[in-house]
Amino acid sequence: MGNTNFKLINKQNLIYNLSKIKNKKICLMVKSNAYGHGAKEIVKIADNYVCGYGVVNINEAINLRKLTKKRIVIFAPIDDYEICKAKKIEFFVDNEPSLRKAISYGCQNLLHLAINVGMNRYGVKSEIELRNINNILMENKIKLKSIYTHFSTTNNHIKTKSEYQKFLHLKKMITQNAPICLGGSEIRNFAFDYDILRLGIDAYGYGKMMKRVMKVTSKVVKISYVHKGEFVGYGKKYKEKFGSFVAVVPIGYGDGLMRGLSNKFKVIINGIGYVSIGYICMDCFFVKVDNSVKVGDVVEVMYDANYLSKIMKTIPYEILTNFSLLRGETKIVES
């Protein structure tokens, strides 16, 4: 039997999501293998719609440079200055020592400045340090690629607006008129003044009015009839009460399907929802079906990460990125 497991990347839905961003340049986040979607496939579709891409380490950046000539920005601290200079990979600085070190390696033309407005992850939040950084920038005649911040939330409009005002205040410590880059889910829905949008999960269909980009599918590889009183899977997790057909689907927690979903989620086969039963195995799980389901039928395992994340009491990011583990093929589809 050939490959049964696929990540299907909907080309038109991704283009639709990117096209929703009006009058702003897009820095598309493709960290963690493009949120589990597959960086290679996403860049192939997105390259004509964005000004660049964001990653979080040098390995992601190097692999991405093989796929695109567009701007690549590392949105995390780095110590690979020579590689960044050689491959024209941009990065941020958020303190005086990192700025001076970047200058010493000749990376003056690759720099973004990160400002911390409340997340307390990365960024400068001291007015004094920002003034000192400004002096260093002036002394070395450095023109920043952007001044950047990431909001801690966009669900609380009052807090988001407060963080934006804090950003504007701190930005005044830098006298040059560098482009503004903002990040955070659904920032596009705020009337903020900025030049570049760091677009993350919204691009993949998990923002308001956005379309889902990825489905994970498999196929039924075996069907058995389980009699009343028999168990299914490891640990006697599921006991059949009446007698039923049970399908085996070859995706498991080794492929990113979280074991905590066992006995809790539905898949779609031939347009009908069917319940998973028993513990999810490393490389397969079980579905209670009827006699209309046949070996070879396509199974939609993940069609909405919000649905699975609510069951797991987590966020769709975790559901999506887990599928980077999928042992299968990633395919671009038109619809």
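Structural data are supplied above this passage.
Quick caveat, the model's predicted, so the values are computed rather than measured. (Residues numbered from 1 in each chain as written. Predicted model: local features only at pLDDT ≥ 70, side-chain atom pairs only at ≥ 80, totals over all residues. Heavy atoms only, no water.)

Student: Where do I start with the environment of serine 309 in this structure?
Tutor: Locating serine 309 in the fold gives a position in helix H9 (residues 305-312). The spatial distance from the C-alpha of serine 309 to the C-alpha of arginine 100 is 43 Å, given a sequence separation of 209 residues. Among all residues touching serine 309, those that are not within four sequence positions of it are Thr314, Ile315, Pro316 and Ile319. (Helix = DSSP H or I, 4+ residues; strand = E, 2+ residues; numbered from the N terminus. Contact = heavy atoms within 4.5 Å.)

Student: Would you mind going over the packing of helix H6 (residues 96-104) against helix H7 (residues 127-139) with me for this structure?
Tutor: Packed helices, taken two at a time, are described by the angle between their axes plus the distance between the axes. Where H6 meets H7, the closest approach of the two axes is 10 Å, and the angle between their N-to-C directions is 15 degrees. Put simply, H6 runs roughly parallel to H7. Here H6 and H7 pass one another in a crossing that is right-handed. Taking contact as the criterion, the partners of Glu96, Leu99, Arg100 and Ile103 in H6 are, on H7, Glu129, Asn132, Ile133, Ile136 and Leu137. When the residues that make up the contact of H6 with H7 are grouped by side-chain class, the tally is 5 nonpolar, 1 polar and 3 charged. (Axes fitted to C-alpha atoms, helices over the stretch in contact; angles between N-to-C directions. Parallel < 35°, antiparallel > 145°, perpendicular 65-115°, else oblique. Left-handed = near helix turned anticlockwise from the far one by under 90°. Nonpolar A, V, L, I, M, F, W, Y, C, P; charged D, E, K, R; others polar.)

Student: So what exactly am I meant to see when it comes to unusual backbone geometry here?
Tutor: Excluding glycine, most residues fall at negative phi; most peptide bonds, likewise, are trans. Phi at methionine 209 takes a positive value of approximately 65 degrees, unusual for a residue other than glycine. Mapped onto the fold, methionine 209 is located in the loop between strand E9 (196-199) and strand E10 (214-219). Note on methionine 209: relative accessible area 64%, which makes it exposed. If you check the backbone angles, asparagine 263 has positive phi at about 65 degrees while not being a glycine. Mapped onto the elements, asparagine 263 comes out in the loop between strand E14 (244-249) and strand E15 (266-269). (Buried < 20%, exposed > 50% of the residue type's maximum accessible area, 1.4 Å probe, protein only.)

Student: I tried to follow the side chain of threonine 160 on my own but got confused; where do I start?
Tutor: Within the element layout of this structure, threonine 160 appears in helix H8 (residues 157-171). Among all residues touching threonine 160, those that are not within four sequence positions of it are Phe151, Thr153, Thr154, Ile187, Phe190 and Phe192.

Student: Before we go on, may I ask you to explain the sheet that holds E10 in this structure?
Tutor: Within a sheet, each strand pairs with its neighbour through backbone hydrogen bonds, oriented either parallel or antiparallel. Read across the open sheet, the 9 strands follow the order E11-E14-E17-E16-E15-E18-E10-E1-E19; overall the sheet is mixed. Two strands lie at the open edges of the sheet, namely strand E11 (222-226) and strand E19 (329-333), each paired on one side alone. Neighbour to neighbour, the strand axes of the sheet diverge by 35 degrees on average, direction disregarded. As paired strands, E10 and strand E18 (residues 298-302) are joined by 4 bridges and run antiparallel to one another. Note on E18: the bridge partner recorded for lysine 219 is valine 298. Relative to E19, helix H3 (residues 39-46) is tilted by about 20 degrees, and along the sheet it contacts strand E1 (6-10) and E19. (Pairing = 2+ DSSP bridges.)

Student: Sorry if this is basic, but what is going on with the pairing of E9 here?
Tutor: The side chains of a regular strand alternate, residue by residue, between the two faces of the sheet. Residues Ile196 and Arg198 of E9 are buried on one face, and the alternating residues Leu197 and Leu199, pointing to the opposite face, are buried as well. For strand E2 (residues 25-29) and E9, the ladder comprises 4 bridges, and the chain directions are parallel. Considered in E9, the bridge of cysteine 27 is made with arginine 198. In this sheet, E9 lies alongside strand E8 (residues 180-183) in parallel orientation, the contact comprising 3 bridges. Looking across to E9, one finds that glycine 183 is bridged to arginine 198.

Read these as geometric descriptors, not functional statements.
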